[in-house]
Amino acid sequence: MKFGFISTVIFSTFLSFTAAAADIQVSGQYARETIPGTSISSAYMTIANNQSTDVTLTGISSSISERIEMHEHLMADGMMKMQQVDSILIKANDRIVLQPHGYHLMIFNLHQPLMANNEISLTLHFANGDNEEIIVPIQALTRNAKTH
């Protein structure tokens, strides 16, 4: 009888953990290889909010840099410009795409260059206190780029 109770508790805990992990799903993530001689890169992804309430992305952190900002491109006075944003709202049961010429992440002052075919770890921070650690593959600057 005790074995059944313990198994039920463990299984219930596992289901709760799995459900919480499925509330926010990140897909299609990648960062760009750094241009030689620079210490800046950008990162992109799709963030799906599978909850019945809105969530707000408030920041990103990583051991690769102390400064990662959320930015957006927008048209102003007939010109495309980029500006930093403090947060990104992801509506309930919706998704937001971080992509070139839209919302995206700017990674400044990299501790070392990002090289294609490697990976970095980023932690997404949300206003409700949740954090989501993701692995982000590094994509070559050009599709035909050769790696050493």
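Conventions we followed
Residues numbered from 1 in each chain as written. Predicted model: local features only at pLDDT ≥ 70, side-chain atom pairs only at ≥ 80, totals over all residues. Heavy atoms only, no water. Helix = DSSP H or I, 4+ residues; strand = E, 2+ residues; numbered from the N terminus. Buried < 20%, exposed > 50% of the residue type's maximum accessible area, 1.4 Å probe, protein only. Contact = heavy atoms within 4.5 Å. Polar contact = N/O pair within 3.5 Å; in protein donor to acceptor, adjacent residues only side chain to side chain. Phe/Tyr/Trp six-rings, centres within 6.5 Å; stacked < 30°, edge-to-face > 60°. Lys NZ or Arg CZ within 6 Å of the ring centre and 35° of its normal. Core = buried A, V, L, I, M, F, W, Y, C linked by side-chain atoms within 4.5 Å.

Undergrad: Would you take a moment to explain unusual backbone geometry for this structure?
TA: A negative phi angle characterises most non-glycine residues, just as the trans form characterises most peptide bonds. The phi dihedral of H101 is positive, around 70 degrees, even though this residue is not glycine. Its place among the elements puts H101 in the loop between β7 (94-98) and β8 (104-108). A positive phi angle, near 50 degrees, is found at N109, a position not held by glycine. By the secondary structure assignment, N109 is in the loop between β8 and β9 (119-126). On the basis of relative accessibility, which here comes to 47%, the residue N109 falls in the partly exposed class.

Undergrad: Please explain the environment of H71 as it appears in this structure.
TA: Of note, H71 is situated in strand β4 (residues 67-76). Judged by relative accessible area, H71 falls into the buried class, the value being 6%. Sequence separation between H71 and V85 is 14 residues, and the spatial gap between their C-alpha atoms is 5.4 Å. The contacts of H71, once residues within four sequence positions are left out, are M82, Q83, Q84, V85, G102, Y103, H104, M106 and F108. In terms of polar contacts, H71 uses its side chain to reach the side chain of E69, at 2.7 Å.

Undergrad: So what exactly am I meant to see when it comes to the packing of aromatic side chains here?
TA: Each aromatic ring pair is described using two quantities: the centre-to-centre distance and the angle formed by the ring planes. Under the definition given, this model contains one aromatic pair. For the ring pair Y30 and Y44, a centre distance of 5.1 Å and an interplane angle of 35 degrees mean the geometry is tilted. In this pair, Y30 sits in strand β1 (residues 24-32) while Y44 sits in strand β2 (residues 41-49), placing the two residues 14 residues apart along the sequence. Its end group placed over the ring of F108, R67 keeps NZ or CZ at 4.0 Å from the ring centre.

Undergrad: Explain the nonpolar core here, please?
TA: Side chains that are nonpolar tend, in soluble globular proteins, to be buried together. One finds M45, I47, L105, I120, L122 and L124 to be the most contacted residues of the largest nonpolar core, which totals 28 residues. Here this core takes four residues from β9, the largest share from any one element. Among residues more than four places away in sequence, those in contact with L124 are V26, M45, I47, L57, G59, I60, D130, N131, E132 and I134.

Undergrad: Looking at this structure, how should I read the environment of D130?
TA: Here D130 shows up in the loop between β9 and β10 (131-139). The spacing of D130 and I24 is 106 residues in sequence and 9.7 Å in space, taken between C-alpha atoms. The contact partners of D130, leaving out residues within four places of it in the chain, are L124 and H125.

Remember that the coordinates give geometry; whether it matters functionally is a separate question.
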